[in-house]
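# Topology and contacts: notes
Given next are the chains, with one letter for each unit.
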Amino acid sequence: MIKFLDLYQQYLSIKEDIDRAIKFTIQNSSFIGGNAVKSFEENFAEYQHAKYCVGVANGTDALEIAIEALALPIGTEIIVPANSFIATSEAVTRSGYRVVFADIDTDTFTLDIEDVSRRISKKTSAIIAVHLYGHPCDMDGLRKIVALNNLKLIEDCAQAHGAVYKEHFIGALGNIGTFSFYPGKNLGAYGDAGAILTNDLELAKRCRMISNHGRIEKYNHVIEGRNSRLDGLQAAILNVKLKYLELWIVRRNNIAQRYINGLYGINGLELPLIMPDIRHAFHLFVIRTKRRDELKRFLLEHGIETAIHYPIALPKLEAYAYLRQSSQYMKASVIDSQLLSLPIGEHLANDDVDYIVKSIRSFFEN
Ligand SMILES: *Cc1c(COP(=O)(O)O)cnc(C)c1O
């Protein structure tokens, strides 16, 4: 069986380092805060070319804390893409703002810039750009829109560690960027973890304060915050894995290129498009076909696990029925029945990729 994701194999490849880091953290009992957290924050900021990093408990909290730190006028609207994981829109509503979905571009599956412009109203206060599947959004286009309309720009980078837009790492291209280290992400912890990046010192301070009970020192609480901290064990593990991230992203890009070369020219199959001047992080390799469900079944019968991101566009979920907008997101609602994510990651050998290519070719030949 070719697995979609194989975290145990990844662990075995770095076992000594990981075991040592875990043991060291337990010996020091630095379970919350401490050196591992501090050094991971510094290392991750440096890797992503951002000034400040604040570790938090997970990627959803990172979004909520970033939104709160921006202090947008209460009740205003935040634009999010119609195709993402629900955490993106959930964080908006949970923070007391109104979700406005914008349609997506069917080449990159990220925000459709023209549709974003159309959705802007007097009440819009921010845009959340999701670098979905690891492909950076059109940041020049978005920055133009936020400058013109005096909005804040948040990057949801949960799927895009290591992605590069026009020679700049994503994460600090807007006002603030949020990351998830959920185990299956390109950089994953051994549990929940997340981080916030920004180049704005005041914003970084506010995020840290919010995530740690509103305090600036022990028992000196300036505001009411919350408990959303990156724990020491996760930071120690992330510090080890961060050393391999660049290698893993290069490997993901090699696999993607191998897929693209092997699958090129099949009738009825569309391959991911990579815009010029970017480096894709290839968290997911997503193909598009009208015969999606049939292909998924066929590949499973041939020992290949695949996945769907996402089976239901956000505006079509029951959670958003109250918006009564599902019919307005034509592009997002067409593709949710056609997308299929193929296995990608450093657990795959070239032979695995070639076997997957061969299987897909034989499916379309019949
Ligand atoms: C994974 C993910 C999140 C949420 O991260 P968690 O760490 O699971 O809370 C947010 N946005 C996107 C696009 C994601 O893929």
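Look up a bit, the structure's there.
Residues numbered from 1 in each chain as written. Predicted model: local features only at pLDDT ≥ 70, side-chain atom pairs only at ≥ 80, totals over all residues. Heavy atoms only, no water.

## Some thoughts on the pattern of salt bridges
All told, the structure shown has 19 salt bridges when counted by the stated rule. A salt bridge links D19 to K15, with the shortest nitrogen-to-oxygen separation between them at 2.8 Å. Of this pair, D19 and K15 both sit in helix α2 (residues 15–28), 4 residues apart, roughly one helical turn. Taking the relative accessible area as the measure of exposure, D19 reaches 28% and is therefore partly exposed. We note a salt bridge from E202 to K205, for which the minimum N-O separation is 3.7 Å. Taken together, the positions of E202 and K205, both in helix α8 (residues 201–211) and 3 residues apart, correspond to about one turn of that helix. Accessibility expressed as a relative area gives 47% for K205, which makes it partly exposed. Where salt bridges share partners, they join D17, R20 and K243 into one cluster. (Salt bridge = Lys/Arg side-chain N within 4 Å of Asp/Glu carboxyl O. Helix = DSSP H or I, 4+ residues; strand = E, 2+ residues; numbered from the N terminus. Buried < 20%, exposed > 50% of the residue type's maximum accessible area, 1.4 Å probe, protein only.)

## Some words on the packing of helix α10 (residues 292–301) against helix α12 (residues 350–365)
Contact geometry of α10 with α12 gives a least axis separation of 10 Å together with a crossing angle of 130 degrees. Looking at the two axes, α10 sits oblique to α12. Of the two elements, α10 crosses α12, and the hand of that crossing is right-handed. Contacts from E294, L295, F298 and L299 of α10 reach α12 at S359, I360, S362, F363 and F364. Residue composition of the contact of α10 with α12, grouped by class: 6 nonpolar, 2 polar and 1 charged. (Axes fitted to C-alpha atoms, helices over the stretch in contact; angles between N-to-C directions. Parallel < 35°, antiparallel > 145°, perpendicular 65-115°, else oblique. Left-handed = near helix turned anticlockwise from the far one by under 90°. Contact = heavy atoms within 4.5 Å. Nonpolar A, V, L, I, M, F, W, Y, C, P; charged D, E, K, R; others polar.)

## What to know about the site of the ligand
Contacts to the ligand come from 15 residues, most closely from G59, T60, D156, S180 and K185. Between an oxygen atom of the ligand and a main-chain N or O atom of G59, the distance comes to 2.8 Å. Within the side chain of S180, one N or O atom sits 2.6 Å away from an oxygen atom of the ligand. For the ligand, whose free accessible area comes to 380 Å², the fraction covered by protein is 92%. (Near = heavy atom within 4 Å. Polar contact = N/O pair within 3.5 Å; in protein donor to acceptor, adjacent residues only side chain to side chain. Areas by Shrake-Rupley, 256 points an atom, 1.4 Å probe, with all protein chains shown as cover.)

## Quick word on the side chain of R288
For R288, the position within the fold is in strand β13 (residues 285–288). E270 provides the closest opposite charge to the buried, unpaired R288, separated from it by 4.1 Å. Here Q338 takes part through its side chain, which lies 2.8 Å from a polar atom of the side chain of R288. What R288 contacts, discounting residues up to four positions off in sequence, is T106, G268, L269, E270, V334, I335, Q338 and L339. (Lys, Arg positive; Asp, Glu negative; His and termini not counted.)

## Some words on the environment of A71
Position of A71 among the secondary structure elements: in the loop between α4 (59–70) and β2 (77–81). Sequence spacing of A71 and K205 is 134 residues, and the spatial spacing of their C-alpha atoms is 13 Å.

## Some remarks on the sheet that holds strand β12 (residues 278–279)
The sheet built from 3 strands is open, its strands ordered β7-β6-β12 with antiparallel pairing. Whereas interior strands pair on both sides, the edge strands pair on one side only; in this sheet they are β7 (168–169) and β12. In this sheet, β12 lies alongside strand β6 (residues 164–165) in antiparallel orientation, the contact comprising 2 bridges. By the bridge assignment, Y165 is partnered in β12 with I278. (Pairing = 2+ DSSP bridges.)

## With respect to empty space enclosed by the protein
Where empty space is left in the structure can be found by rolling a water-sized probe over the atoms. Per the stated rule, a full pass over the model turns up 2 cavities of 30 Å³ or more. When its volume is computed, the largest cavity comes out at roughly 100 Å³. Surrounding the largest cavity, 17 residues form its lining, L5, L7, Q10, R252 and E346 being those nearest its centre. Among the elements of the structure, α1 (7–13) and α9 (232–263) are those that each provide at least two residues to the lining of the largest cavity. Per-element tally for the lining of the largest cavity: the top contributor is α9, with 3 residues. Split into classes, the residues belonging to the lining of the largest cavity amount to 6 nonpolar, 6 polar and 5 charged. Forming the walls of the second largest cavity are D107, T108, F109, Y133, H135, P272, L273, H280, F282, L284 and V286. For the lining of the second largest cavity, a count of residues per class yields 7 nonpolar, 3 polar and 1 charged. (1 Å grid on protein atoms, 1.4 Å probe; cavity = no way out; pocket = protein on both sides within 12 Å on 5 of 7 lines; lining within 4 Å. Points joined across faces, edges and corners; volume = space filled by probe spheres on them.)

## Here we look at the packing of aromatic side chains
Inspection of every chain in the model, using the stated rule, returns 16 aromatic pairs. Relative to Y320, the ring of F101 lies with its centre 5.1 Å away and its plane at 85 degrees, an arrangement referred to as edge-to-face. You can see F101 sitting in strand β3 (residues 98–102) and its partner Y320 sitting in the loop between α10 and α11 (330–335), a full 219 residues away along the chain. Accessibility assignment for this pair places F101 and Y320 in one class, buried. Through pairs of rings, three or more aromatic residues link up here, namely F40, F44, F179 and F181. (Phe/Tyr/Trp six-rings, centres within 6.5 Å; stacked < 30°, edge-to-face > 60°.)

## Details of the environment of A160
The residue A160 is located in the loop between β5 (152–156) and β6 in this model. The residues contacting A160, other than those within four sequence positions of it, are H131, G134, I170 and A281.

## Things to note about the state of the cysteines
The final tally for this structure, using the stated rule, is 0 disulfides. The structure places no disulfide on C53, whose sulfur is separated from the nearest cysteine sulfur, that of C207, by 10 Å. Note on C53: relative accessible area 7%, which makes it buried. Take C157: it sits in no disulfide, and the sulfur closest to it among the cysteines is that of C137, at 8.9 Å. (Disulfide = S-S within 2.5 Å.)

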